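# Structure at a glance
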Amino acid sequence: MKAENGNKKETRILRVSEVNFDVIIDEAAEIIRKGGTVAFPTETVYGLGADGLNPDTVLKIFEAKERPPGNPLSLLVHSREDIKKVAKNIPEKALLLMDTFWPGPLTIVLEKKDTVPEITSGNLPTIGLRMPDHRIPLELIKRAGTPLAAPSANLSGKPSPSLAIHVLADLAGRIDAVIDGGGTAIGLESTVVDLTVEPPVVLRIGAVGIGELEKVIGKIRPTYAGAESGSGKLMPEKQAGQKYSHYTPNTQVVLVEGKSEEKVSEQIGILLEEHVSKGQKAGLLLSDEAAGFFTAEELNVHDCFLLGSRKEPEGAAKRLFEGLRTLDAAGLDVILADGSFSHSGLGAALINRLREAASVRHFV
């Protein structure tokens, strides 16, 4: 669903501060109530919000993002009362997760009520719900008076936005407004867990890890791309909740993974030489440790974006989409990405997003 180039709208940039907070949120809420679309920061990534219970306004999200029809959206809620409007047959496990992780980066899939339009749920009998841990969307939902359909505020399939400038790069002229609230705290999308099946299924990994979920509700099953199956093998690229491509820049991404950090760095160096010998322009998406494998001259000659230490995946996750977008805008032929980050904490989600972004993967 492509936006009509000849009918582009002016996208208002609403820069929020403590001084003008109420004025800006009221202005944005009025846009939502009138059937418009507003992008805003959450603790995960920037979302593109519209009245999630109005099929006409939800359609505007699909059109702005060029999102494939049938790809379900989740709803952001402000309170337990909002949940009662849109979900039914809520299991005890869902309430336990809400008590533990809400507000926060966890989306819970439940059976939906008829109040949720088919376009919002992708014609499924279920709907994902999340209460964000961020003042801006919570107040926006409250003042707009409706749960918000709010996927990431980017063109479909592209890296998610962690800054307002990322939103504008993709959606300027396609949406009514963007609230510029600075950078997002986490930088990766929420964990998604489906509680309409038993055992519950993790469709996407984020800041809330599988171990954390299992401490609260017991056994769960991962089905997201790149998760390890019971046999220890990686799950296939496309699984439940992974029908469409995600996080993919226009530039080809080649990901190098391995148990030996030194071998990963060496392989990236070998691949860099191969691409340069072919006359190609290669960029580097590296950990601080991998950057130490290259000379200062090499790092100056080639576009390089440093994500941070391998041992601190939280910092790397926060910068990942910014790094992909920065290198994608540099006119490169290929991006060589370091996949040697720790899998602890946000590391599993970071590796998942890198695997999704990559069209070629090397294991050394």
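Values in this document were obtained by computation on a predicted structure and should not be read as measured data.

## Quick notes on the overall build of the protein chain
- For the protein chain, the count of helices and strands is 13 helices and 17 strands.
- Expected size for 364 residues packed as a compact globule is a radius of gyration near 21 Å; at 20 Å, the protein chain falls within 12% of this value.
- For the C-alpha atoms alone, the extent of the protein chain along its principal axes is close to 60 × 50 × 40 Å.
- Relative to its full complement of 364 residues, the protein chain shows a buried share of 53%.
- By sequence separation, contacts in the protein chain at least 24 residues apart represent 67% of the contacts at least 6 residues apart.
- As displayed, the protein chain has an accessible area near 15,400 Å², and 50% of this comes from carbon and sulfur atoms.

## Overview of the packing of aromatic side chains
- In this structure the tally under the stated criterion is 2 aromatic pairs.
- Where Phe293 meets Phe294, the ring centres are 5.4 Å apart and the plane angle is 85°; that geometry is what we call edge-to-face.
- Classification of Phe293 by relative accessible area gives partly exposed; the value is 39%.
- For the cation-ring pair, Arg67 lies above Phe62, with the distance from its terminal atom to the ring centre recorded as 5.9 Å.

## Things to note about the UniProt feature "binding site: L-threonine" (unreviewed entry) in the protein chain
- UniProt marks Thr44, Arg130, Ala150 and Ser190 with the feature "binding site: L-threonine" (unreviewed entry), using the numbering shown here. A maximum C-alpha distance of 12.1 Å among these annotated residues, which run over 147 residues, shows that they cluster at one spot.
- For Arg130, the position within the fold is in strand E7 (residues 126–130).
- Arg130 gets classed as buried once you look at its relative accessible area, which sits at 5%.
- If sequence neighbours within four positions are ignored, Arg130 has contacts with Thr42, Glu43, Thr44, Leu75, Leu76, Val77, Trp102, Gly104, Pro105, Leu106, Thr107 and Ser190.
- A polar atom in the side chain of Arg130 sits 2.7 Å from the side chain of Glu43.
- Here Ser190 lies in the loop between strand E9 (177–180) and strand E10 (191–194).
- Judged by relative accessible area, Ser190 falls into the buried class, the value being 4%.
- When near neighbours in sequence (up to four residues on either side) are disregarded, Ser190 contacts Thr44, Pro105, Leu106, Thr107, Arg130, Arg204, Gly206 and Arg353.
- Polar contacts involving the side chain of Ser190 include one to the side chain of Thr107, which spans 2.8 Å.

Rules used throughout
- Residues numbered from 1 in each chain as written.
- Predicted model: local features only at pLDDT ≥ 70, side-chain atom pairs only at ≥ 80, totals over all residues.
- Heavy atoms only, no water.
- Helix = DSSP H or I, 4+ residues; strand = E, 2+ residues; numbered from the N terminus.
- Rg over C-alpha atoms; globule rule 2.2 N^0.38 Å.
- Buried < 20%, exposed > 50% of the residue type's maximum accessible area, 1.4 Å probe, protein only.
- Contact = heavy atoms within 4.5 Å.
- Areas by Shrake-Rupley, 256 points an atom, 1.4 Å probe, with all protein chains shown as cover.
- Phe/Tyr/Trp six-rings, centres within 6.5 Å; stacked < 30°, edge-to-face > 60°.
- Lys NZ or Arg CZ within 6 Å of the ring centre and 35° of its normal.
- UniProt positions renumbered as here; feature names shortened; annotations may be inferred.
- Polar contact = N/O pair within 3.5 Å; in protein donor to acceptor, adjacent residues only side chain to side chain.

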